[in-house]
Amino acid sequence: MHHYPPVGENESKEVEVASMFDAIAKRYDLLNRVLSFGLDGLWRKAAIRRLGDQKDKRILDVATGTGDVALSVLRLHPYEVVGVDIAEQMLQKARKKRVPKYFVGDLSFVQGSAESLPLLTGTFDAAIVAFGVRNFANLDAGLRSIERVLKPRAPLVVLEFGQPTNPSVRRLYQFYSRFILPAVGRCISGVQGPYDYLPDSIEAFPSGHAFLQRLLKCGFEHTTSETLTCGIVHLYTGYATGKNHSDEL
């Protein structure tokens, strides 16, 4: 069984997060289904609806993991989808998944960090991040990097865990995420670190209004937030302003 040190900051966090997710890549999809009681698919669908009309457009999926979101957005009929992740083992699994026959555009998976996306400025019509922003080594740098590669007025949709506001639901959720989830995660994956790290990362993340403020600070406007499943998950939307276009790749 693998063990990992506490996640640090910036580059050390990026390396450690990549190592953690590489270690669970083979069982990652199964773990998501089991640990979310199958709700992860519904959450992704809600996020993808927020992207709006993307027919013949170019979509970026940041922290794509094994590519489930990237494959799901193909139903919007874009002409290209690019998935980016720091964990190469996750990307290798994504590349092996079957692309629907109806999709005639381009789908690619690229290794890279959110903080320095290896992509040209102002070239994407939309971006989505599902359960990945809390793992950014530097949250503000990651958001600015995403805004840089988006066209002005292009949407960013972020799906992320939060904390339920109902006290009873919150206590139950915290017990599950602190004790049940890590035990089940270790049992299925055989890996210690990621599912002990998960509850800490959720509690440390600036959810709700605090995250909307970070979006505004990093170049997005018209930001909105809604909660799903009693506040366990938050769905955020913001629109690029072009503020970071001077930071050329």
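Scroll up for the structure.
A brief report on the enclosed structure follows. Remember, it's a predicted structure, so these values are computed and weren't measured experimentally.

The backbone of His222 shows a phi angle near 50 degrees, a positive value even though the residue is not glycine. Note on placement: His222 falls in strand S6 (residues 220–228). By relative accessible area, which is 58% here, His222 ends up exposed. For Cys230, which is not glycine, the phi torsion reads 60 degrees and is therefore positive. With respect to the helices and strands, the residue Cys230 is situated in the loop between S6 and strand S7 (233–240).

A word on the pattern of salt bridges. Taken as a whole, this structure holds eleven salt bridges when the rule is applied. In this structure, the salt-bridge partner of Arg50 is Glu226, at a minimum N-O distance of 2.5 Å. Remark: Glu226 occurs in strand S6 and Arg50 occurs in helix H3 (residues 40–50); sequence separation between them is 176 residues. On the accessibility criterion, Arg50 (23% relative accessible area) is partly exposed. Looking at Glu226, the relative accessible area reads 32%, which means it is partly exposed. Here Glu80 and Arg58 are joined by a salt bridge, their closest N and O atoms 2.7 Å apart. Highlighted residues: Glu80 in strand S2 (residues 80–85) and Arg58 in strand S1 (residues 58–62), separated in sequence by 22 residues. Here the two residues Glu80 and Arg58 agree in accessibility, since each one is buried. In the salt-bridge network here, residues are joined through shared partners; they are Asp140, Arg214 and Lys217.

What counts and what doesn't
What you see as residue numbers is a count from 1 along each chain, following the sequence as written. Note on the predicted model: pLDDT of at least 70 is required for a residue's local features to be given, and 80 or more for side-chain atom pairs to be given and counted; whole-chain, interface and lining totals, by contrast, use all residues. Where side-chain values are given, they derive from all heavy atoms of the structure, hydrogens and water being excluded. Each helix is a run of H or I in the DSSP string that is no shorter than four residues. Each strand is a run of E no shorter than two, and both are numbered from the N terminus. Each residue is placed in one exposure class: buried if its accessible area under a 1.4 Å probe, protein chains only, is under 20% of its type's maximum, exposed if it is over 50%, and partly exposed if it falls in between. Between Lys or Arg on one side and Asp or Glu on the other, a salt bridge is scored when a side-chain nitrogen of the former is within 4 Å of a carboxyl oxygen of the latter.

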